[in-house]
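Structural overview
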Amino acid sequence: MKKLWVVACSILLIASLVALCPQPTVLAQSAATPNAALVIGANQVAMTNAQLNPNENYQVIRAFVRTGVLSPNCLATLGETTYVANGTIIFCAPRQPVGLGRGVLVSVFYPQPPPSDLFLSITLFQEGAKSYASPVLCNVSGC
């Protein structure tokens, strides 16, 4: 009987401590730290029909963005666009094309050619990037 009383008191004491000690509230909607994008180093890059490769039936964007580094750690996500097509695929990879410097090649594969007024915004990150230059069609050696 004495053991049961000690166990019950211990449980009551622990429950009281948990209930009375304030816990910080953590919610998915908590405000992000100021300038979080600056810490991450990601950037918005806008592309148009100018980056569609004529050698690939104008349905593949091959955009080179000079960043000054060749890190293989890059991320690209689709953003705002004037053309949505199921099956669109995006990837990025480090490249140093002839005459364009070091940076990242962004490839976007559309299932069919987009319209002539294409606009596509992506969020791009490459580890160690010093800056993000405007995208250019990458159809030279090294792409």
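To keep things clear, this report deals only with the structure shown in the data block. Since this is a predicted model, take the numbers as computed values, not measurements.

1. Side note on the environment of Arg 102
- With respect to the helices and strands, the residue Arg 102 is situated in the loop between strand S4 (89-95) and strand S5 (103-109).
- The spacing of Arg 102 and Thr 67 is 35 residues in sequence and 6.2 Å in space, taken between C-alpha atoms.
- What Arg 102 contacts, discounting residues up to four positions off in sequence, is Phe 64, Arg 66, Thr 67, Gly 68, Val 69, Leu 70, Arg 95 and Gln 96.

2. Quick look at the sheet that holds strand S3 (residues 74-81)
- Ordered by their spatial adjacency, three strands build an open sheet running S1-S6-S3, and the pairing between neighbours is antiparallel. In this open sheet, the two strands that pair with only one neighbour each are strand S1 (43-48) and S3. Taking each pair of neighbouring strands and ignoring which way they run, the sheet shows an average axis angle of 30 degrees.
- Strand direction decides the pairing type here: S1 and strand S6 (residues 119-126), joined by six bridges, are antiparallel. Within the sheet, the bridge partner assigned to Gln 44 lies in S6 and is Thr 123.

3. Points about the environment of Ile 90
- Among the structural elements, Ile 90 can be located in strand S4.
- Sequence separation between Ile 90 and Phe 109 is 19 residues; the distance between their C-alpha atoms is 6.4 Å.
- In contact with Ile 90, not counting residues within four places along its chain, are Ala 76, Thr 77, Leu 78, Val 106, Ser 107, Val 108 and Ile 122.

4. Structural notes on the pattern of salt bridges
- This structure, assessed with the given rule, holds one salt bridge.
- A salt bridge links Arg 62 to Glu 56; its shortest N-O distance comes to 2.9 Å.
- The exposure class assigned to Glu 56 is partly exposed, which follows from its relative accessible area of 24%.

5. Structural notes on the state of the cysteines
- Under the criterion given, the structure shown has two disulfides.
- Residue Cys 74 pairs covalently with Cys 92 via a disulfide, S to S 2.3 Å. Because the torsion about its S-S bond is 115 degrees, the bridge between Cys 74 and Cys 92 counts as right-handed. Here Cys 74 is found in strand S3, whereas its partner Cys 92 is found in strand S4, with 18 residues between them in sequence. The same class applies to Cys 74 as to Cys 92, namely buried.
- Disulfide pairing places Cys 138 opposite Cys 143 at an S-S distance of 1.6 Å. Every disulfide takes its handedness from the sign of the S-S torsion; for Cys 138 and Cys 143 that torsion is -65 degrees, giving left-handed.

6. Notes on unusual backbone geometry
- For Asn 57, which is not a glycine, the phi torsion comes out positive at approximately 60 degrees.
- Assignment of secondary structure puts Asn 57 in the loop between S1 and strand S2 (60-66).
- One non-glycine residue with positive phi stands out, namely Tyr 58, at about 55 degrees.
- Among the structural elements, Tyr 58 can be located in the loop between S1 and S2.
- Note on Tyr 58: relative accessible area 48%, which makes it partly exposed.

Thresholds applied
- Residues numbered from 1 in each chain as written.
- Predicted model: local features only at pLDDT ≥ 70, side-chain atom pairs only at ≥ 80, totals over all residues.
- Heavy atoms only, no water.
- Helix = DSSP H or I, 4+ residues; strand = E, 2+ residues; numbered from the N terminus.
- Contact = heavy atoms within 4.5 Å.
- Pairing = 2+ DSSP bridges.
- Axes fitted to C-alpha atoms, helices over the stretch in contact; angles between N-to-C directions.
- Salt bridge = Lys/Arg side-chain N within 4 Å of Asp/Glu carboxyl O.
- Buried < 20%, exposed > 50% of the residue type's maximum accessible area, 1.4 Å probe, protein only.
- Disulfide = S-S within 2.5 Å.

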